[in-house]
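# Geometric and topological summary
Chain residues, written in single-letter form:
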Amino acid sequence: MKVGVLALQGAFGLHERVLNRLDVAAVQVRTSEELAEVDRMVIPGGESTAISKLLDANDLADPLAERLADGLPVLGTCAGLILLASEVVDGYPGQHCFGAIDATVRRNGYGRQSESFHAPIEIEGWELPFPGVFIRAPVIASAGPEVEVLAELDGVPVLCRQGSVVVSSFHPELAEDDRIHRWFVEQE
């Protein structure tokens with residue numbers, strides 16, 4: 001299995017490191033040719049508007065949309081969640097929303113950089129909480145009926161799945177815990 005990590009902007013190197021620690025073949029994706037070669041994809045946190053513009057500049061938006069429509073398993077964290085959502089509140093005009101998960105998100109919903117925080121995340125079926133790192137994190141304002149909410153923080157979804165799409169408001173790559181990445185690559 002080869003897992004691609006979108007490497008246009010953001011924390012892609014940290015995701016790649018976690019995957020390598022798990023002995024998963026991780027490759028940086030910057031071109032449509034590289035995208036075509038992967039079995040799974042990670043869309044990292046970063047600046048969603050910058051990533052959206054870089055997808056266009058690198059002619060990756062349409063190929064990524066096609067792969068997502070074909071069911072490419074994807075993990076989207078923070079900005080990745082924003083790009084994968086069906087609707088973004090407070091986004092910029094023309095920002096990509098691939099609609100891979102039926103969710104409405106609010107950019108920076110948890111506040112500015114200075115309001116970043118850590119919180120233990122209770123994930124359904126997991127014995128120990130996951131150390132959630134929230135940095136200018138998006139809030140999942142609503143999730144459609146087909147979206148499985150795997151974890152909440154104060155009653156708000158922070159980890160969700162719909163089919164082969166997994167999204168988190170927080171940054172699992174910043175935790176000293178590889179369980180979310182391990183779980184993602186082991187999913188059927």
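Look up: the structure comes first, before these words.
Residues numbered from 1 in each chain as written. Predicted model: local features only at pLDDT ≥ 70, side-chain atom pairs only at ≥ 80, totals over all residues. Heavy atoms only, no water.

Estimated volume of the largest pocket: approximately 160 Å³. Looking at the largest pocket, it is lined by 14 residues, and the ones nearest its centre are Gly46, Glu47, Cys78, Ile135 and Arg136. Residues belonging to the lining of the largest pocket are distributed by class as follows: 5 nonpolar, 6 polar and 3 charged. (1 Å grid on protein atoms, 1.4 Å probe; cavity = no way out; pocket = protein on both sides within 12 Å on 5 of 7 lines; lining within 4 Å. Points joined across faces, edges and corners; volume = space filled by probe spheres on them. Nonpolar A, V, L, I, M, F, W, Y, C, P; charged D, E, K, R; others polar.)

For the rest of this paragraph, the subject is the sheet that holds strand β12 (residues 165–168). In spatial order, the strands read β2-β1-β3-β4-β12-β11-β10; together these 7 strands make up an open sheet with mixed pairing. The strands lining the two open edges of the sheet, one partner per strand, are β2 (25–29) and β10 (148–153). Adjacent strand axes in the sheet meet at a mean angle of 20° when their direction is disregarded. Direction of pairing for strand β3 (residues 40–43) relative to strand β4 (residues 74–77): parallel, over a ladder of 3 bridges. Of the residues in β4, the one forming a bridge with Val42 is Leu75. (Pairing = 2+ DSSP bridges. Helix = DSSP H or I, 4+ residues; strand = E, 2+ residues; numbered from the N terminus. Axes fitted to C-alpha atoms, helices over the stretch in contact; angles between N-to-C directions.)

In this structure, Asp23 takes a positive phi of about 60° despite not being glycine. Its location among the elements puts Asp23 in the loop between α1 (12–21) and β2. A relative accessible area of 74% places Asp23 in the exposed class. Positive phi is not limited to glycine here, since Asp154 has a value of about 55°. The residue Asp154 is located in the loop between β10 and β11 (156–162) in this model. (Buried < 20%, exposed > 50% of the residue type's maximum accessible area, 1.4 Å probe, protein only.)

For the coordinates displayed, the defined rule picks out 5 salt bridges. Across the salt bridge formed by Glu47 and Arg107, the nearest N and O atoms sit 2.9 Å from each other. Here Arg107 lies in the loop between β6 (101–106) and β7 (117–121) and Glu47 lies in the loop between β3 and α3 (48–57), a separation of 60 residues in the sequence. Arg107 carries the same exposure label as Glu47, and that label is buried. As a salt-bridge pair, Arg161 and Glu148 come within 2.7 Å of each other at their nearest N and O atoms. (Salt bridge = Lys/Arg side-chain N within 4 Å of Asp/Glu carboxyl O.)

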